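Observations on the three-dimensional arrangement
If you want the building blocks of each chain, they are given just below.
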Amino acid sequence: MVGIVGYGAHIPRHRIKVEEIAKVWGADAPSYKKGLMLTQKSVPSPDTDTITLSVTAARNALLRAGKVNPVEIGAIYIGSESHPYAVKPSGTVVAEAIGATPEIHCADFEFACKAGSEAMFVCLGLVKSGYVKYALAIGADTSQGAPGDALEYSASAGAAAFIMGSDNLLAEAVDTYAYMTDTPDFWRREYQFYPQHGGRFTGEPAYFKHVTGCAEGMMKKVGMKPSDFNYVVFHQPNGKFPMRVGKMLGFKKEQIEPGWLTPRLGNTYSGSSPIGLTATLDIAKPGDMILMVSYGSGAGSDGFVWKVTDRINEVRDKAVRTTKLLDENITFVDYGTYAKFRHKIRKND
Amino acid sequence: MFPARAHREYPHRYRLEAGQCKKCGKVVFPRRLICPVCGHREFGKVILPDTGKLVSYSVIRVAPSQFTDEAPYAIGIAELTNGVKLMAQVADCDVDNIKVGMDIRIEFRRIQTDGHHGVLSYGYKFVPKWY
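Model, not experiment: these values are computed from the prediction. (Residues numbered from 1 in each chain as written. Chains lettered and ligands numbered in written order. Predicted model: local features only at pLDDT ≥ 70, side-chain atom pairs only at ≥ 80, totals over all residues. Heavy atoms only, no water.)

**Re the sheet that holds strand β1 (residues 3-10) of chain A**
Residues and elements named next belong to chain A. Read from one edge of the open sheet, nine strands run β5-β4-β6-β7-β1-β8-β13-β12-β11, paired in mixed fashion. What marks the edges here is a single partner per strand, and that holds for β5 (105-109) and β11 (231-234). Strand-to-strand twist of the sheet, defined as the mean angle between neighbouring strand axes without regard to direction, takes the value 20°. When strand β4 (residues 73-79) meets strand β6 (residues 134-142), the two strands line up parallel, connected through six bridges. If you follow Ile73 over to β6, its bridge partner there is Tyr134. With respect to the sheet, helix α6 (residues 203-222) is in contact with β8 (171-183), β11, β12 (289-293) and β13 (298-308), its orientation differing from that of β8 by roughly 140°. Helix α10 (residues 272-283) rests against β1, β7 (157-165), β8, β11, β12 and β13 of the sheet, and its axis sits at about 65° to β7. (Pairing = 2+ DSSP bridges. Helix = DSSP H or I, 4+ residues; strand = E, 2+ residues; numbered from the N terminus. Axes fitted to C-alpha atoms, helices over the stretch in contact; angles between N-to-C directions. Contact = heavy atoms within 4.5 Å.)

**Quick word on the pairing of strand β2 (residues 14-17) of chain A**
Two faces make up the sheet, and in a regular strand the side chains alternate between them. All names here are of chain A. In this structure, β2 lies alongside strand β14 (residues 331-332), joined through two bridges in parallel fashion. Each residue of the ladder has a partner; that of His14, found in β14, is Thr331. Alignment of β2 against strand β3 (residues 40-43), held across four bridges, turns out to be antiparallel. Within the sheet, the bridge partner assigned to Ile16 lies in β3 and is Lys41.

**Considering the sheet that holds strand β2 (residues 27-28) of chain B**
Residues and elements named next belong to chain B. Reading across the sheet, the three strands line up as β2-β1-β3 and stay open at both edges, with antiparallel pairing between neighbours. Edge positions in the open sheet fall to β2 and β3 (43-47), since each of these has one partner strand only. Sheet topology note: the strand β1 (residues 17-21)/β3 ladder contains five bridges and is antiparallel. Opposite Gly19, over in β3, you have Lys45 as the bridge partner.

**So, the domain arrangement of chain A**
Residue and element names in this part refer to chain A. Examined at the domain level, chain A breaks down into domain 1 (3-170 + 322-341) and domain 2 (172-308). Distance from the C-alpha centre of domain 1 to the C-alpha centre of domain 2: 16 Å. Of the residues lining the interface, 56 residues belong to domain 1; the matching set on domain 2 comes to 49 residues. Here domain 1 meets domain 2 over a buried area of about 4,000 Å², counting both sides, of which 65% is carbon and sulfur. On the domain 1 side of the contact with domain 2, Met37, Cys113 and Phe121 bury the most area, a combined 16% of that side's loss. At the surface where domain 1 touches domain 2, the tally comes to three salt bridges. For the pair domain 1 and domain 2, the interface holds 22 residue pairs in polar contact (both at pLDDT 80 or more). (Domains from an automatic or database assignment. Buried area = accessible area lost by both parts, 1.4 Å probe. Salt bridge = Lys/Arg side-chain N within 4 Å of Asp/Glu carboxyl O. Polar contact = N/O pair within 3.5 Å; in protein donor to acceptor, adjacent residues only side chain to side chain.)

This is how it looks when you write it as structure tokens:
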């Protein structure tokens, strides 16, 4: 039996409202708020990046993991599309910062928004095979969206970390499933700062096909139906897609809502469904069943069925809850500050 | 920052590793070769707590070149819960809202970037403790 031993999240404290971005570009804020079903997004400060978010999330995961000594972690994988270095792993810094070096395997993963769940998938496999005792999977991003593009209203920042193991679990990984095709709905070429996307093509043949394909395949594999789950967490590129795909699959709003953070958080890309899972675990009870389906453009989805154990009650408040990070101690910034924070203004060296 | 120097400082910058004198118990941060209290040369390793109180600060309005984008910002001295004092930048806080005596938490942040091509330096900063 393998699963989650500790989990943690981190979200920067700054936010920008849809109205503030729309004002700069002459766009209609109510249309964007309705179309994307979100009101604001998180903004990383200039000293915050995928590595710093990952370290804080990982430290929160260690707090919940209890007796796990960081040197027992045999693998660290960080999924992100905003690794600070083009060449040099993010994972080495994070492993060094939590004291998990030097006997540890490390790689940075990329697969658009599902790089974080890829890391979770591989970590579970390594633990299950017996190659490592514990493995640390992180999904983190300081997402990029081109100025004025629809993505700018949603691309946000955050991280979630999961320590996978085979004993002392707070959630058992009942099974996993993966669904992938070659679908060019969103991409960023080398040396380009901002990603490109296929507009409406990102919907039906991309997000909806893969999320429904993965969710249906996952449920068939474990012989379960939507009503057998207490909660479901989908990737959340905006507020509308996860609600719509949930309805298509037969889930109720109440099953989706605890992990549906995009309306107040934005799309944290590789952190999206992993952070949603942390918020869901924060309120889950022993015995609850959770379906998680990620999505990454390009395109594919990873599916997980989690069964929450009795240990959740002991550990959930060992670290800060995700909704507390999301809703408390936040500061709204104007577009100028946001542009400065996100290095959108070109300066002389 | 030259990569070799950054690398040497990982233990205290990344993990808050301090030295504790094996003779008199004095905790020194960063670690030293000789205890400033008793002159002993053997130290054990201790990890500093990540919370404390701000005991002093100064607001930087004209910053060195690598920090100009962050000005104005504050550099503060905090006394951690085990009595050790250390200095760091106070992040995530408007300089007008910083107060001596405020509770702080230590967070891992990017400290500086060596232009567009150099190594990124990470370490600890203080942030207001709110949970």
